[in-house]
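Chain by chain, the residues:
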Amino acid sequence: MRTAPSITYRPSRVEGIEGVSSVTIYPDRLELDATNGVVCLRFIDMARWPSPRWYWRLIWRLRLPLRMRRFSFLCTDVVVGDRDWFHDGPDMYFRFDAEPPITIYMPDDETKESYGETHFVRTQEIMSKGRFMTFDLG
């Protein structure tokens with residue numbers, strides 16, 4: 001039995017949920033280990049679907065590329081939040097479109113690794129395996 005790829009780390013801080021001690025990112029979900037238990041948030045529930053939502057969700061489920069007519073490009077990943085990378089390591093963050101919005105800041109030691117090995121990049125890689133992505137605010 002194969003296990004899904006994941007990354008677990010201790011964020012420098014989290015906004016939206018109190019007492020988060022660790023974050024685990026899977027291709028299809030986000031798990032937050034908080035003082036009141038593990039909170040599991042599915043990316044599919046956070047997706048920013050164009051209108052009509054039912055149509056685009058069906059196209060995505062069938063694994064067809066999403067052609068955005070007004071942008072003239074093909075997209076296979078669905079946006080589930082935003083990311084901000086142009087700060088120092090612990091101030092880089094992902095903001096997920098959950099209810100309430102969840103903002104996860106990178107660990108304090110984020111700048112000690114090469115950029116390709118950072119939690120920030122690895123989080124993006126894991127999410128893309130599930131065909132999810134975040135919008136770049138930079």
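In case you missed it, the structure is sitting above this.
Residues numbered from 1 in each chain as written. Predicted model: local features only at pLDDT ≥ 70, side-chain atom pairs only at ≥ 80, totals over all residues. Heavy atoms only, no water.

Draft legend 1. Layout of a nonpolar patch on the surface. Residues Trp85, Phe86, Tyr115, Phe135 and Leu137 make up a contiguous nonpolar surface patch of about 530 Å² in total accessible area. By secondary structure assignment, the location of Leu137 is in the segment after β11 (132-136). (Patch = residues over 30% accessible without salt bridge, like charges linked within 9 Å, V, L, I, M, F, W, Y side chains within 5 Å. Areas by Shrake-Rupley, 256 points an atom, 1.4 Å probe, with all protein chains shown as cover. Salt bridge = Lys/Arg side-chain N within 4 Å of Asp/Glu carboxyl O. Helix = DSSP H or I, 4+ residues; strand = E, 2+ residues; numbered from the N terminus.)

Draft legend 2. Broad picture of the pattern of salt bridges. Under the counting rule described, the total for this entry stands at 6 salt bridges. With its nearest N and O atoms 3.4 Å apart, the salt bridge here joins Arg13 to Asp91. Residue Arg13 is located in the loop between β1 (7-9) and β2 (14-15), and its partner Asp91 is located in the loop between β8 (78-84) and β9 (93-96); the two are separated by 78 residues in the primary sequence. Here Asp82 makes a salt bridge to Arg48, at a shortest N to O gap of 3.0 Å. Here Asp82, found in strand β8, pairs with Arg48, found in the loop between β5 (37-42) and α1 (53-61); they are 34 residues apart in sequence, far enough to count as distant. The network of salt bridges with shared partners includes Asp28, Arg29 and Glu31.

All quantities given are derived from atomic positions and should not be read as evidence of function.
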